[in-house]
Amino acid sequence: MQRISTQLIEEVGADAVIIVFSKTRRNSTTTHLHTWGNMLACRGLAEEAYGHLCEGGAEVDDDA
């Protein structure tokens, strides 16, 4: 996670990074959340992502 965050910060100038992923093992799914940056910026970023994904702003790829 650190490498991904560092690349986003250095290469594109990100000032907030949120990485969320899930892992499924033996019928158990865990969710992992990693943030970098000012918590207000991260919260705003999460709200923007939620609005985009859950309030009709994005198409979800069920095959992924």
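Here the structure is shown first, and the text comes after it.
Below or above, wherever it landed, is the structure these notes cover. For clarity, every value in this text was computed on a predicted model and none was experimentally measured.

Conventions adopted
Residues numbered from 1 in each chain as written. Predicted model: local features only at pLDDT ≥ 70, side-chain atom pairs only at ≥ 80, totals over all residues. Heavy atoms only, no water. Helix = DSSP H or I, 4+ residues; strand = E, 2+ residues; numbered from the N terminus. Buried < 20%, exposed > 50% of the residue type's maximum accessible area, 1.4 Å probe, protein only. Contact = heavy atoms within 4.5 Å. Pairing = 2+ DSSP bridges. Salt bridge = Lys/Arg side-chain N within 4 Å of Asp/Glu carboxyl O. Expected span 1.5 Å × (residues − 1). Polar contact = N/O pair within 3.5 Å; in protein donor to acceptor, adjacent residues only side chain to side chain.

Further remarks concern the side chain of S5. Position of S5 relative to the elements: it lies in helix α1 (residues 2-12). Exposure remark for S5: the relative accessible area of 9% places this residue in the buried category. The contact partners of S5, leaving out residues within four places of it in the chain, are V17 and I19.

Moving on: the pairing of strand β1 (residues 16-25). Along any regular strand the residues' side chains alternate between the sheet's two faces. Two elements, β1 and strand β2 (residues 28-37), share ten bridges in a ladder whose sense is antiparallel. Across the sheet, the residue bridging to T24 is T29, located in β2. Here β1 hands over to β2 after two residues, with R26 in that stretch at a positive phi of 45 degrees.

Inspection of the entire model under this criterion finds one salt bridge. Ionic pairing is found between E47 and R43, a salt bridge with its closest N-O pair at 3.4 Å. With E47 and R43 both in helix α2 (residues 39-54), this residue pair falls four residues apart, about one helical turn. For R43, a relative accessible area of 57% gives the class exposed.

Owing to its 3.6 residues per turn, the α-helix brings residues three or four apart onto one side. Its 16 residues place the ends of α2 22 Å apart at the C-alpha level, agreeing with the 22 Å of an ideal helix rising 1.5 Å per residue. For α2, the side-chain oxygen to backbone nitrogen distance between the N-cap and L40 is 2.6 Å, and the N-cap itself is N38. At the exit of α2 stands G56, carrying a positive phi of roughly 90 degrees.

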